[in-house]
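# Per-entry structural report
Spelled out, the chains give:
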Amino acid sequence: MLNVRDRLQDIFRTVFVDPKLVLNDKMTAEDVDGWDSLAHINLIIAVERGLGIKFATAEISRTKEPGRNIGDFLQIVENKLR
Amino acid sequence: MSVCSIEMLLFIAAVAITFHLFPGRIQRRFFLSITNVAFLVPLVPNPQSWACLVLFIGGTYGILSFSRTYRWWPLIPIGICTTIAAFVIIKRYSFLEYALPSSIWKHVVEVVGLSYMLFKFIHVLVDQWQGQLAPCSFMSYTTYQLAFFTLLAGPIQRYNDFHRFWEEMDPRPGDIRETLLAWNRILTGMVKMGLFASLASFAFERAGLNFEPQPIAKLLSRFAIYLYSYPLFLYFNFSGYTDVVIGSAGLLGCVLPENFNRPYVARNVHDYWNRWHMSLTFWIRDYIFMASYKACAELFSSWQKLIGYGLIFLSLAFAGVWHGATANFAVFGAIHGLGAGANQAYADALKKMLGRSGIKRYQESRWIRCVAVLLTFNFVCFSLLFFSTGLERTLEILNAVGSQLF
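### Regarding the nonpolar core
- Judged by nonpolar contacts, the single largest core of 142 residues is most densely connected at Phe12(A), Val47(A) and Phe149(B).
- Broken down by element, the residue count for this core peaks at 14 residues, all from helix H10 (residues 216-251) of chain B.
- Beyond its immediate sequence surroundings of up to four residues, Val47(A) is in contact with Leu8(A), Ile11(A), Gly52(A), Ile53(A), Phe55(A), Phe73(A) and Val77(A).

Here it is in structure tokens:
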């Protein structure tokens, strides 16, 4: 069974059409090609579907705020899965 | 009281000193609430306007309490629609003249800061429903809505950020360095408003006086001054105002969101809105664009891209209509909506054509950046022709210039 990080990585690869994408905690939206506002919502939809969780409106933009990174995103997802 | 005046400086100084003289949180909260009312008094023209303001604050807090207690989901759309309807009527949107009897407009009702209060209420209602809101009492909500430093023209502070300030009400004396920085910000804002905005406004008004037939070179130079001076006026006036209020709030220990980040060097319309009136853009992004795109994209996943373009257009068209009650603001919004929608379509097409490495080269090219900034700046200046004055007058001017040119 894949852990949350691996499942999230698969979702990122599908949404950003990049099979070589490898997530690490320090990565930000700047480091991923094509991570704009539209792609961000597509990512949120894919994460909600893939992991069976729901993001609140305020959380959606919070996950992509300047200063936030993949580690923070993963933390939010893991908290929701608990 | 004008924001750019000696009276305002004295008011800010008096409020900041008195605020810090109070020893505790509760006293400071009461003082801030009383200050807000005192600030409102000269801005509310008559008893009807007071009644509307009280009804708006009381009514929206009632909706919040009701939805918190009963957790019945239809309250959210009902609450939002009712408040928007009240907003449209109080603001007297011009289309209502055809739909409602003229007796309705007998009393002059002006609720200062209503556009901002509406957006703050919707944000609080949605976040509360989704369990994202910090505790919200009647006093904290009223002070959040009527805070003198955000009442007139934002920035749109999020409630949880306000609540941090509300909870802390830091009882220590103000830090010297931060206090000086805040005063520096206030004075910078006043210079922007009092000097640069005034000069740009003077140039704009002079240039706009006469577009009658005249030698083509004179007409074009007059039109160029008219076209470029208003965006300069708007930037210096609004960003100066924002400096004053951010500095004023800073003196009390309240951190307001930034609203401007060199907007006229944006490389496209999308980038422009991420730099201009940022707190409004982010509000529209979160509560209109993202919410509606998410709902639509989940339902019609194969149409995601088209839906995205359409909603970008609608979001910015909405931003235009929010700015004012007359048709020219709708045209301004529609122009930006078209620009941003087309920009997203262009970006998607480029991605497809150039691939990852090509896009990177494209974005890093200095020449492309210069051309893009120049085009965007002129696009924004053109769109602001519809913002600065009524639709008829703008069309008249465009027609006068066009008919002499072609």
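We are not done yet, so read on.
### Regarding the interface of chain A and chain B
- Counting residues at the interface gives 24 residues for chain A, matched by 19 residues for chain B.
- Of the roughly 1900 Å² buried between chain A and chain B on both sides combined, carbon and sulfur atoms contribute 55%.
- The largest share of the area that chain A buries against chain B comes from Leu38(A), Ile41(A) and Thr57(A), three residues that together contribute 30% of it.
- In this structure, the salt-bridge partner of Asp36(A) is Lys351(B), at a minimum N-O distance of 3.7 Å.
- Take the side of chain A that touches chain B: its biggest share by element is nine residues, from helix H2 (residues 37-51) of chain A.

### Focus: the pattern of salt bridges
Residue and element names in this part refer to chain A.
- One pass over the structure, following the stated rule, counts 18 salt bridges over all chains.
- A salt bridge links Lys54 to Glu48, with the shortest nitrogen-to-oxygen separation between them at 3.7 Å.
- For Lys54, a relative accessible area of 55% corresponds to the exposed category.
- Classification of Glu48 as buried rests on a relative accessible area of 6%.

### Concerning helix H3 (residues 47-70) of chain B
All names here are of chain B.
- Taking 1.5 Å per residue as the helical rise, H3 with its 24 residues ought to reach 34 Å, and the 33 Å between its terminal C-alpha atoms agrees with that figure.
- Buried residues in H3 make contact with helix H2 (25-40), helix H4 (75-90), helix H6 (114-129) and helix H7 (138-146).
- Downstream of H3 by one or two residues, Arg71 has phi in the positive range, about 45°.

### Describing unusual backbone geometry
- Positive phi values are uncommon outside glycine, yet Val17(A) reaches one of about 45°.
- Mapped onto the elements, Val17(A) comes out in the loop between helix H1 (4-15) and H2.
- Accessibility expressed as a relative area gives 64% for Val17(A), which makes it exposed.
- In this model, His277(B) sits at a positive phi of 45°, which is unusual for a non-glycine residue.
- Along the chain, His277(B) falls in the loop between helix H11 (269-273) and helix H12 (278-299).
- According to the relative accessible area criterion, His277(B) is buried, its value standing at 1%.

### With respect to the environment of Tyr144(B)
Residues and elements named next belong to chain B.
- Examined against the element boundaries, Tyr144 turns out to sit in helix H7.
- Tyr144 sits in the buried class, given a relative accessible area of 1%.
- Through-space distance from the C-alpha of Tyr144 to that of Phe162 is 6.8 Å; in sequence the pair is 18 residues apart.
- Excluding its chain neighbours within four sequence positions, the residues that come into contact with Tyr144 are Lys120, His123, Val124, Thr150, Gln157, Arg158, Tyr159 and Phe162.
- Separated by 3.4 Å, the side chain of Tyr144 and the backbone nitrogen of Tyr159 make a polar contact.

### A closer look at the packing of H2(B) against helix H8 (residues 159-168) of chain B
Residue and element names in this part refer to chain B.
- For the pair H2 and H8, the least separation of the axes is 8 Å and the interaxial angle reads 125°. By the angle class used here, H2 and H8 are oblique. Along the contact surface, H2 presents Arg25, Arg29 and Leu32, while H8 presents Phe165, Trp166, Glu167 and Glu168.
- Of the residues contributing to the contact of H2 with H8, the split by class is three nonpolar, no polar and four charged.

### Describing the packing of aromatic side chains
Residue and element names in this part refer to chain B.
- For the coordinates displayed, the defined rule picks out 46 aromatic pairs over all chains.
- On the numbers, 5.3 Å between centres and 70° between planes, the contact of Tyr264 with Phe377 is edge-to-face. You can see Tyr264 sitting in the loop between H10 and H11 and its partner Phe377 sitting in helix H15 (residues 366-388), a full 113 residues away along the chain.
- Each member of the aromatic cluster is reached from another via a ring pair, and the members are Phe196, Tyr228, Tyr235, Phe236, Phe238, Tyr241, Phe260, Tyr264, Tyr272, Trp273, Trp276 and Phe377.
- Here the basic side chain of Arg28 rests over the ring of Phe19, its NZ or CZ set 4.9 Å away from the ring centre.
- Looking at Arg71, its charged tip hangs above the ring of Trp129, at a distance of 4.1 Å from the centre.

### Examining the confidence of the model for chain A
- Per-residue confidence for chain A gives a mean pLDDT of 87, with 98% of residues at or over 70.
- Within chain A, the element-level pLDDT minimum falls on helix H3 (residues 57-62) of chain A, averaging 86, and the maximum on H1(A), averaging 90.

### Brief notes about the packing of helix H1 (residues 6-21) of chain B against helix H9 (residues 176-207) of chain B
Residue and element names in this part refer to chain B.
- It is at 12 Å that the axes of H1 and H9 come closest, and there the two elements cross at 165°. Regarding the angle of H1 to H9, the classification is roughly antiparallel. For the element pair H1 and H9, the recorded crossing hand is right-handed. Within the contact between the two elements, H1 uses Met8, Leu9, Ile12 and Ala13 and H9 uses Trp183, Ile186, Leu187 and Met190.
- Of the residues belonging to the contact of H1 with H9, the class tally is eight nonpolar, no polar and no charged.

### Side note on a nonpolar patch on the surface
- Where nonpolar side chains cluster on the molecular surface, the patch consists of Phe66(B), Tyr70(B), Trp72(B) and Ile78(B) and spans about 480 Å² of accessible area.
- Looking at where Ile78(B) falls in the secondary structure, it is placed in helix H4.

Calculation rules
- All residue numbers refer to position in the chain's written sequence, counted from 1.
- Just so you know, chain letters begin at A and ligand numbers begin at 1, following the order they were written in.
- Since the coordinates come from a predicted model, pLDDT governs what is reported: local features require at least 70, and pairs of side-chain atoms require 80 or more to be given and counted, while whole-chain, interface and lining totals use all residues.
- For the side-chain quantities, the full set of heavy atoms in the structure was used; hydrogens and water were omitted.
- Among buried residues, those of type Ala, Val, Leu, Ile, Met, Phe, Trp, Tyr and Cys that are joined through side-chain atoms within 4.5 Å constitute a nonpolar core.
- Burial status follows relative accessibility: with a 1.4 Å probe on protein chains alone, a residue under 20% of its type maximum counts as buried, one over 50% as exposed, and anything between as partly exposed.
- Each helix corresponds to a stretch of at least 4 residues labelled H or I by DSSP, and each strand to a stretch of at least 2 residues labelled E; elements are numbered beginning at the N terminus.
- Whether two residues are in contact is decided by their heavy atoms, any of which lying within 4.5 Å being enough.
- Buried area adds together the accessible area that both of two parts lose upon being put together, with accessible area traced by a 1.4 Å probe.
- Between Lys or Arg on one side and Asp or Glu on the other, a salt bridge is scored when a side-chain nitrogen of the former is within 4 Å of a carboxyl oxygen of the latter.
- Given the number of residues in a helix, its expected span is that number minus one, multiplied by 1.5 Å.
- Any N or O atom pair separated by 3.5 Å or less is treated as a polar contact, with the protein-specific requirement of one donor-capable and one acceptor-capable atom, and with residues adjacent in sequence counted only for side-chain atom pairs.
- Axis definition: a line fitted to C-alpha atoms, limited for helices to the stretch in contact. Angles are taken between N-to-C directions and run from 0 to 180 degrees.
- Here the word oblique covers every angle except those under 35 degrees (roughly parallel), over 145 (roughly antiparallel) and from 65 to 115 (roughly perpendicular).
- Here the nonpolar group is Ala, Val, Leu, Ile, Met, Phe, Trp, Tyr, Cys and Pro; Asp, Glu, Lys and Arg are the charged ones; every other residue, Gly included, is treated as polar.
- Stacked, tilted and edge-to-face are the three classes assigned to paired rings of Phe, Tyr and Trp, where Trp is represented by its six-membered ring and a pair needs centres within 6.5 Å; plane angles under 30 degrees give stacked, over 60 edge-to-face, the rest tilted.
- The rule is short: NZ of Lys or CZ of Arg within 6 Å of the ring centre and within 35 degrees of the ring normal puts a charge over the ring.
- You can read pLDDT as the predictor saying how much it trusts each residue, on a scale of 0 to 100.
- By convention, the crossing between two helices is left-handed when the near helix turns anticlockwise from the far helix through less than a right angle, and right-handed when the turn is clockwise.
- Without a salt bridge and with relative accessible area above 30%, a residue can belong to a patch; like charges are then joined within 9 Å and nonpolar side chains (Val, Leu, Ile, Met, Phe, Trp, Tyr) within 5 Å.
- Exposure was quantified through the Shrake-Rupley algorithm and a 1.4 Å probe, taking into account, for residues, occlusion by the shown protein chains and nothing else.

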